[in-house]
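Observations on the model geometry
Okay, here's what each chain looks like letter by letter:
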Amino acid sequence: MPTIGRLRRRPDFLAAAQGRRFHTERMSAQGRLRDPGETRDGATAEGIFLGFTITKRVGHATERNRIRRRLRSAVAAVATDAPSIGADVVVIARRPALDAPFESLVEDLRRALHSVTRPAAPRSGDAPRSSPSRRGGSRSGRGATAGGPHPLPSTSKAPDGSTDG
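Below you will find a few notes about this structure. Just so we're clear, the structure is a prediction, and the values are computed from it rather than from any experiment.

All right, on to the pairing of strand β7 (residues 87-93) then. The buried fraction of β7 amounts to six of the seven residues, a majority that puts the element mostly inside the structure. As defined by bridge partners, strand β6 (residues 48-53) adjoins β7 across six bridges and the pair is classed as parallel. Bridging across to β7, Leu 50 finds its partner in Val 89. In this region the chain leaves β6, passes through helix α2 (residues 61-78) and returns to the parallel neighbour β7; the handedness of that crossover is left-handed.

Written as structure tokens, this is what we have:
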């Protein structure tokens, strides 16, 4: 059974914010995979470390605490299905988590953990990178397209309709 620890330090929360993201109407999750030799409090960090962020914008203190308790219970329900990989995950709760059915919280958390802790796909160095192109011209949306018609010379008109020079 994978262990789920608790994120406690701000640098760990900030590091997780640089990783993958997963969003639902009830929560967002941010996560990163840890390096194999990374330690926490002098011991090797194993398993998933999870932290919660519930802002004052969500509601007053009793509502935020209720959401936090519901999420902790959801973590306990998901712990047996959690991936056994070293990762830091931050769950950012939203107001709908207060009244959502508990089963939907559990399912959202399960999907979030699997999504943000998924290992990166291997990149092949052989494939040429294609640059993104837009239909109709340059990236800024101004000017002529390559090989297309040349832009018309601009003439300025006075309010009475006459042109300069």
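Attention now moves to the side chain of Arg 70. Relative to the helices and strands, Arg 70 is located in helix α2. A polar side-chain atom of Arg 70 sits 2.7 Å from the main-chain carbonyl oxygen of Ala 97. Here the side chain of Arg 70 touches Ala 100 through a polar contact of 2.6 Å, landing on its backbone oxygen. Ignoring sequence-local partners within four residues, the contact set of Arg 70 consists of Ala 97, Leu 98, Asp 99, Ala 100, Pro 101, Phe 102 and Leu 105.

A large share of strand β3 (residues 27-33) lies buried, amounting to six of its seven residues. In this structure, the hairpin formed by strand β2 (residues 20-23) and β3 is closed by a connection of three residues. With seven bridges connecting them, β3 and β7 associate as antiparallel partners. What sits directly across from Gly 31, in β7, is Val 89.

How each quantity is defined
Residues numbered from 1 in each chain as written. Predicted model: local features only at pLDDT ≥ 70, side-chain atom pairs only at ≥ 80, totals over all residues. Heavy atoms only, no water. Buried < 20%, exposed > 50% of the residue type's maximum accessible area, 1.4 Å probe, protein only. Helix = DSSP H or I, 4+ residues; strand = E, 2+ residues; numbered from the N terminus. Pairing = 2+ DSSP bridges. Right-handed = clockwise from strand over helix to strand, strands pointing away. Polar contact = N/O pair within 3.5 Å; in protein donor to acceptor, adjacent residues only side chain to side chain. Contact = heavy atoms within 4.5 Å.

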